[in-house]
Amino acid sequence: MQMRNRAKIVFIYIVLAYFFALFFRFFLYFLALKHPEFQFGGHIISIWTADAGLHASIAKELLTHRGNIPHYISDTLLGNILYLLTKYTHLPLDSVVFTAPAFFASLIVVPIILIGYELGLLQVGFWSALAASVAMNYYFRTHLGYTDTDILNFPLFFTILYTYIVTIKRKNILFAAAGAVLILFFHLFYHSAKPLTFGLLLFYGIYILLFARKESVLFYAFLIYALPLLPIKPLYILLAIFAITPLLIVIAKRRVLRVQWLLLVVALLLPVSGYIAYKKGYLQRAITYIQKSKEYSFKDKSGEIISLQSTLKTVAEATGISWKQLVTYSSGSIIIFLLGTVGLLLLVWHRKEAFMLLLPYIIGIISLKAGVRFTTFAVPIIIIGFLYLFYFLMKKIQEKRFATLLFYGPAAFLVAFYLQIMDVYNHMLSPFFNAKQVQLISKHLNTKERGYILTWWDYGWPLWYYSNKRTIIDNGKHHYDNYIVAKTLFSNNQEFVARFDRFFIEEFDKRFPWPVIPYVAKRYGLHNILQGLQDGTWRVPSRKNAIYYYFDDKILTKLPVIEEFAFLSEEKKKGFVWIDRVRMIDMKKGVVQGERVSIDLRNGILQFGSQKDRIGKFYFSDGVKISNTFYYRPDEYVLILYKNKYIIGTYRYINSFFFQSFFFNNLDKKFFQTIAFTEDAKIFKLIGE
Amino acid sequence: MRRELIGVMFLMIGGIVALWSEKFVPSVYGVVVFFIIFLFVDSFKKLKKDKKSL
């Protein structure tokens, strides 16, 4: 009866915490309703991050069969879930995509409360669940419109972690079987799940060797947890879990094997599973995050090795972070971070099973090298540690007056603190494309003709969703073929650009979706092609696909990175480009002040720190036309003040395809047609070749 | 459990007030202060009750 009552209380806590998380996550919905530019077609625009574009595109593909999604995409399960939800709830796909994160990400409260319950700290678990559900990077990566696998990755990871804790605590193999089934699902759901589940298994093995060498049941549980790592079909793994679990339960009850033998088996299995994980490439993804390669290389027809820039080192979320960023993203404050760490260590000291909680904390620390996304793992753990510290102090003085305040005060303030940050963050968010951009894309890039959109890879997945066209690079595939887009954008010769794009798009179309650059380099020789396209001697294939170019203001901040990709490694760069945000414009004094630079408009002098440079021209662009031009001297260093928001500086690229199209709408009409040129977006079409 | 229930109730009321008044920070922190006052009064009542039973 008491057990049933406790289960009832846990259930009530879970329901309460879930509705709390759901309620506050919908604040973004109410905020979006106040912005007409966030709404299109009677709905709030669904895609608020590029990642959401992928899963929404998969769902849309299943609903409409447009055929613009490459077949190499592996994480399709979330897209399928969105498709089924749309199909059976009869809700618009946009609404399902936008609101799905609230319903899925709020599930994080379930494992946190259960972990608290299992550790005998139900109140700590409950308040931690409230705080973690809206806290820092967990919220930043799972808010409405952020429909990525992360909305279920963390609930799944922490539920698997819970099964480890409960297996250790209750010494019941059935929980390990449930955990193994969840691990299997996690592997199917998320392509990078294997290093995480392997990490959990490793930690569990270390726990056994350190603290539970005489617990034979935990050794058997280890074998069950190791099953999902086997390099066989998921169905066979599932069958193996169901077949082996009862067998091991019987063996464990009859104590057939001595603990020493089991210890030996686990000690041997640890390196063996490590070897399998390494050989099968399970750890490859984790390693690529930590050791980012600098270049991609391939062999040319001539035998020469050609190198191009690597992307992972330029992806913001995969770039290592500082300690300050780690503290901010994982806890929001150095005090919470430090107290949370102390509390976590105290918790591990008092309850050995909590040792498993150290893994997500360590993954959080690894973000220093691997990137900001990994701080998310530490968010709930630091909160649990922080609240446990105050719970422990409360218990120490529980006989004293007002002892409860010592725990409930900090707990309530912590939740309020994270809610405050959530609210501030909500005000900084906006959809990936605003209403006018969605309107332009829907109108011009959904034509009947088969075609491609050439733009930087950040736009790939969202464009798949809103258009019926393909892209050659996207948010998941951005290595060799970045060169095609970058070279297009930074080439001065528009006739060359027309021939270059026609050639590579038609070649890519034959190989879709695989990279085309290494293929043509091996077949024709990259230097031969470039030279031939430059002087017009290379025969350009006949037109089978329409080619569009899409740009909006988001591409401006990427320009310095794109420029790096526009040259082969052995080539010397032609010029440079930089961008700065405007702080102040004083036309009377003739000063434009940026965050890093200052411009003397009267004399045409640019100041960057103590360094001074003479500029040739200064253009004022309102987003559509050049409203004013200052001409100083015949110099190729040119500055553009764009929408009074950005200062873009460029040396020798002012005549390039990108600058001429984006700022001046000045493309050669023999080759290119302007489809849309508004403040919000610029769309062009290749017509000449 | 009572404290947890009341705590969540206070926070959600704070959220509703924040939505209605468009003043997030005072609403949410305001209810936290109310919650702490509640805990204070609750402890005080319990103390009185304990004294009486003695």
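Undergrad: What is the right way to look at the overall build of chain A in this model?
TA: Within chain A one finds 28 helices and 18 strands. Taken against the 2.2 N^0.38 rule, which gives 26 Å for 689 residues, the C-alpha radius of gyration of chain A at 28 Å falls within 12% of a compact globule. Once the C-alpha set of chain A is aligned to its principal axes, its extents read approximately 85 × 60 × 55 Å. Within chain A, buried positions represent 58% of all 689 residues. Of the contacts made within chain A by residues no fewer than 6 positions apart, 67% connect residues no fewer than 24 positions apart. If you sum the accessible surface of chain A, you get close to 28,700 Å²; carbon and sulfur atoms cover 59% of it. Placing the 77 positive and 44 negative side-chain charges of chain A at their respective mean positions leaves the two points 10 Å apart.

Undergrad: What should I look at first to understand the interface of chain B and chain A in this one?
TA: By a widely used convention, the size of an interface equals the accessible area lost when the partners come together. Counting residues at the interface gives 26 residues for chain B and 30 residues for chain A. Carbon and sulfur atoms make up 83% of the surface buried where chain B meets chain A, a total of about 2,700 Å² over both sides. For the pair chain B and chain A, the interface holds one salt bridge. Taking the shortest distance from any N to any O, the salt bridge between E22 of chain B and K34 of chain A comes out at 3.2 Å. In this assembly, chain B and chain A are joined by five residue pairs in polar contact (both at pLDDT 80 or more). Of all the elements in the fold, those that place two or more residues in the side of chain B that touches chain A are α1 (2-21) and α2 (24-53) of chain B. No other element matches the 13 residues that α2 of chain B contributes to the side of chain B that touches chain A. The residue makeup of the side of chain B that touches chain A, split by class, is 19 nonpolar, three polar and four charged.

Undergrad: Please explain the sheet that holds strand β12 (residues 611-614) of chain A as it appears in this structure.
TA: Sheet strands line up and pair through hydrogen bonds in the backbone, either parallel or antiparallel. All names here are of chain A. Ordered in space as β12-β11-β10-β9-β8-β16-β15-β13-β14, the nine strands form an open sheet in which the pairing is mixed. The sheet terminates laterally at β12 and β14 (626-631), the two strands that pair on one side only. Pairs of neighbouring strands in the sheet enclose a mean axial angle of 25°, with direction left out of account. Both strand β8 (residues 576-586) and strand β9 (residues 591-594) contribute to a ladder of four bridges, which runs antiparallel. Paired with D586 across the bridge in β9 is V591.

Rules used in this analysis
- Residues numbered from 1 in each chain as written.
- Chains lettered and ligands numbered in written order.
- Predicted model: local features only at pLDDT ≥ 70, side-chain atom pairs only at ≥ 80, totals over all residues.
- Heavy atoms only, no water.
- Helix = DSSP H or I, 4+ residues; strand = E, 2+ residues; numbered from the N terminus.
- Rg over C-alpha atoms; globule rule 2.2 N^0.38 Å.
- Buried < 20%, exposed > 50% of the residue type's maximum accessible area, 1.4 Å probe, protein only.
- Contact = heavy atoms within 4.5 Å.
- Areas by Shrake-Rupley, 256 points an atom, 1.4 Å probe, with all protein chains shown as cover.
- Lys, Arg positive; Asp, Glu negative; His and termini not counted.
- Charge placed at Lys NZ, Arg CZ, Asp CG, Glu CD.
- Buried area = accessible area lost by both parts, 1.4 Å probe.
- Salt bridge = Lys/Arg side-chain N within 4 Å of Asp/Glu carboxyl O.
- Polar contact = N/O pair within 3.5 Å; in protein donor to acceptor, adjacent residues only side chain to side chain.
- Nonpolar A, V, L, I, M, F, W, Y, C, P; charged D, E, K, R; others polar.
- Pairing = 2+ DSSP bridges.
- Axes fitted to C-alpha atoms, helices over the stretch in contact; angles between N-to-C directions.

The values are spatial; any link to function lies outside them.
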